[in-house]
Amino acid sequence: MTFQNKRLVGIMLALLLLVPVIAKFPWSPIDFITAGVLLLGTGLLCELVLRKVRKIEYRIAICGAILVALFLVWAELAVGLFGTPFAGS
C-alpha cells in the first residue's frame, strides 16, 4: 500500500466518525473511540484477508463474515440486540 492510500483511509475514517457530530448524536468520547477501533480493526482484518488469501471465493466469504461480525457488534453496542451487559440504551 502506498502512502497516498494510507492517507485516504485515514481521511475516510475521520469523515465517517464526523457523521454523528453533524447529526448531533449524543456520543461521548468513548463512543467515538469505540467506533474508530471497530472500523479500523475491521478494515485492517479485511486488508489482511485480501493480502493473504488467494482464492476469490474465500476472500469474499471471510470478508463477508468480518463485516457481519462488525454489524452485530455495532448493533449490540447501539441498541442491545442480544441483551448483553455491553448493550446500549
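These notes cover the structure that comes with them. This structure is a prediction, so every number in the text was calculated from the model and none was measured.

In this section: unusual backbone geometry. At Lys24, a residue that is not glycine, the phi angle is positive and equals roughly 60°. Residue Lys24 is classed as exposed on the basis of its relative accessible area of 73%.

Moving on to the nonpolar core. Judged by nonpolar contacts, Cys46, Val49, Val53, Cys63 and Ile66 together constitute the single largest core of 5 residues. Among the elements of the structure, helix H2 (29-52) and helix H3 (56-79) are those that each provide at least two residues to this core. In this structure, Val49 is in contact with Arg59, Ile62, Cys63 and Ile66, ignoring residues within four places of it in sequence.

Take Thr42: it is sitting in helix H2. The class of Thr42 is buried, set by a relative accessible area of 10%. Those residues in contact with Thr42 that sit more than four places away from it in its chain are Ile66, Leu67 and Leu70.

Basis of the calculations
- Residues numbered from 1 in each chain as written.
- Predicted model: local features only at pLDDT ≥ 70, side-chain atom pairs only at ≥ 80, totals over all residues.
- Heavy atoms only, no water.
- Buried < 20%, exposed > 50% of the residue type's maximum accessible area, 1.4 Å probe, protein only.
- Core = buried A, V, L, I, M, F, W, Y, C linked by side-chain atoms within 4.5 Å.
- Helix = DSSP H or I, 4+ residues; strand = E, 2+ residues; numbered from the N terminus.
- Contact = heavy atoms within 4.5 Å.

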